[in-house]
Amino acid sequence: MGAGAAVELTAGERQVRLSSPDRVLFPERGFTKRDLAEYFIAVGDGIVRALRDRPTTLERYPEGLGGEHFYQKRAPKNLPDWIPTGTITFPSGRTADEICPTEVAAVVWAAQFGTFTFHPWPVRRAEPDHPDELRIDLDPQPGTDYADAVRAAHGLKEVLDDFGLRGWPKTSGGRGIHVFVPIAPRWTFVEVRRAAIACGRELERRHPDEVTTAWWKEERGERIFVDFNQTARDRTIASAYSVRARPHAPVSAPLRWDEIDDAVPTDFDIGTMPGRFAEVGDVHKDMDEHAFSLEGLLEQADRDEHDHGLGDMSYPPEYPKMPGEPKRVQPSRARHDDD
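Residues numbered from 1 in each chain as written. Predicted model: local features only at pLDDT ≥ 70, side-chain atom pairs only at ≥ 80, totals over all residues. Heavy atoms only, no water.

A look at the UniProt feature "domain: DNA ligase D polymerase" (unreviewed entry) in the chain
In step 1: When the UniProt feature table is mapped onto this chain numbering, "domain: DNA ligase D polymerase" (unreviewed entry) sits at residues 32-283.
In step 2: Spanning residues 32-283, this segment combines 28% helix with 19% strand, and its end C-alpha atoms are found 27 Å apart. (UniProt positions renumbered as here; feature names shortened; annotations may be inferred. Helix = DSSP H or I, 4+ residues; strand = E, 2+ residues; numbered from the N terminus.)

Quick notes on the sheet that holds strand β12 (residues 177-182)
In step 1: A sheet is described by the order of its strands in space; here five strands give the open sequence β11-β12-β10-β14-β13, paired in mixed fashion. Each of the sheet's edge strands pairs with one partner strand only, and the pair in question is β11 (168-171) and β13 (211-212).
In step 2: Two elements, β13 and strand β14 (residues 224-226), share two bridges in a ladder whose sense is parallel. Within the sheet, the bridge partner assigned to T212 lies in β14 and is F225. (Pairing = 2+ DSSP bridges.)

Some details on the nonpolar core
Here is a general trend for soluble globular proteins: nonpolar side chains tend to be buried in one another's company.
In step 1: One finds Y39, F40, L134, I136, L138, V243 and L294 to be the most contacted residues of the largest nonpolar core, which totals 81 residues.
In step 2: Sequence-distant contacts of I136, defined by excluding residues within four places in its chain, comprise L156, I177, H178, V179, A196, C199 and V226.
In step 3: With six residues, the next largest nonpolar core counts I88, A96, W121 and F189 among its residues. (Core = buried A, V, L, I, M, F, W, Y, C linked by side-chain atoms within 4.5 Å. Buried < 20%, exposed > 50% of the residue type's maximum accessible area, 1.4 Å probe, protein only. Contact = heavy atoms within 4.5 Å.)

Topic: helix α6 (residues 273-280)
In step 1: Those residues of α6 that fall on the buried side of the exposure criterion are M273, R276 and F277. Along the axis of α6, the buried residues cluster in a sector spanning 100 degrees; they form a single face. Structural note: α6 exposes A278 and E279 on the side pointing more than 90 degrees away from its buried face.
In step 2: Looking at the packing, one finds that the buried side of α6 touches α1 (33-42) and α2 (44-51).
In step 3: Positive phi shows up at G281, right after α6, with a value of about 70 degrees. (Arc of directions from axis to C-beta.)

Concerning empty space enclosed by the protein
By rolling a water-sized probe across the atoms, one finds the places where empty space is left.
In step 1: On inspection of all chains with the given rule, the structure shows one cavity of 30 Å³ or more.
In step 2: In this model, the largest cavity occupies a volume close to 50 Å³.
In step 3: Considering the residues around the largest cavity, the lining is formed by R49, A50, E133, K170, F180, A240, H284 and M287.
In step 4: Looking at the lining of the largest cavity, its residues break down into four nonpolar, one polar and three charged. (1 Å grid on protein atoms, 1.4 Å probe; cavity = no way out; pocket = protein on both sides within 12 Å on 5 of 7 lines; lining within 4 Å. Points joined across faces, edges and corners; volume = space filled by probe spheres on them. Nonpolar A, V, L, I, M, F, W, Y, C, P; charged D, E, K, R; others polar.)

Concerning the pattern of salt bridges
A side chain with one charge may pair with a side chain of the opposite charge, provided their charged atoms come close.
In step 1: Counting across every chain of the model gives 28 salt bridges.
In step 2: Taking the shortest distance from any N to any O, the salt bridge between D269 and R29 comes out at 2.9 Å. One end of the pair, D269, is in the loop between β14 and α6; the other, R29, is in the loop between β3 (24-26) and β4 (31-32), with 240 residues separating them in the sequence.
In step 3: For D269, a relative accessible area of 5% corresponds to the buried category.
In step 4: Its relative accessible area of 35% is what places R29 among the partly exposed residues.
In step 5: A single salt-bridge network, built from bridges that share partners, covers R54, R124, D132, E133, R135 and D288. (Salt bridge = Lys/Arg side-chain N within 4 Å of Asp/Glu carboxyl O.)

As for the pairing of strand β8 (residues 95-99)
In step 1: Two elements, strand β7 (residues 85-89) and β8, share five bridges in a ladder whose sense is antiparallel. Bridge pairing in β8 links T85 to I99.
In step 2: Here β7 hands over to β8 after five residues, with G93 in that stretch at a positive phi of 100 degrees.

So, helix α4 (residues 146-162)
In step 1: Taking 1.5 Å of rise per residue, the 17 residues of α4 would be expected to cover 24 Å, and the 24 Å separating its terminal C-alpha atoms lies within 8% of that figure.
In step 2: Listed as buried for α4 are Y146, A149, V150, A152, A153, G155, L156, V159 and L160.
In step 3: The elements touched by buried residues of α4 are β10 (133-140), β12, α5 (189-206), β13 and β14.
In step 4: The opening residue of α4, the one whose side-chain oxygen lies 3.1 Å from the backbone nitrogen of A147, is D145.
In step 5: G164, located one to two residues past α4, shows a positive phi value of around 70 degrees. (Expected span 1.5 Å × (residues − 1). Polar contact = N/O pair within 3.5 Å; in protein donor to acceptor, adjacent residues only side chain to side chain.)

Dropping the structure here:
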């Protein structure tokens, strides 16, 4: 009803069919399906850089915000033959073939089916068991906000600098900040997660009143949570330039370090981001030119364990029990059981 006749959009070197282009996907702002597709075309070089050759889960809202939504992990049967796939292995041992975008037409094709957010694995399809990104998720807890995440991000930058690493920051599309560190694909998911824990613990040591690595919410307080489990196998983070499912259609905006203090996350949406992209381009475009080592953080993890008795931390509840993992019992319940 009122969704309009199908159109053909030029996306790179291809024409992509878009049905119901006038369907309103974000009622508060009036953004349509065509607006979504044209947004992805406008930031095409950036989002393809973020997704290239990465197995990617699609977060789909076929009827728009407020309608049914779901995460599509397996490539659909109607996938065009020009969109490659990669085989990934879940913690259960099951496998799936996910799409691996290599051109903006693949992103627009996904938008045709109501994809707002792209969730790429931190691997390339040629090396599906060896991440090439260390992703740090700075997650504001109740009582904190983006300004608190900014302060934590500056502390994180200092930690990364001290370990010979460089991170690229972006807004989450909400109140948080994501920092991605390109790494050599030498380490397993378990090792990358161990490095993330070591990084979070070092940040927490330096800023104990502002930052926490506590997995259980009851222990976090009004601090920024370093969500180390976002580095576990099959956990993903919204890509740069992805649209988030919120009424004002915000996007996950790549930033330079000198921009994070003055940035206002709500300023970046599918209406405003094309103008920024046209002016400054993809400020993370040089990420792929780097591949850092995790050896320093892994050595810190060994010291934490040897000198302070700080070993592994709990995995999410849906994961199989992992070697060396502590009991998955929230502390208040554990204390009660011990009484």
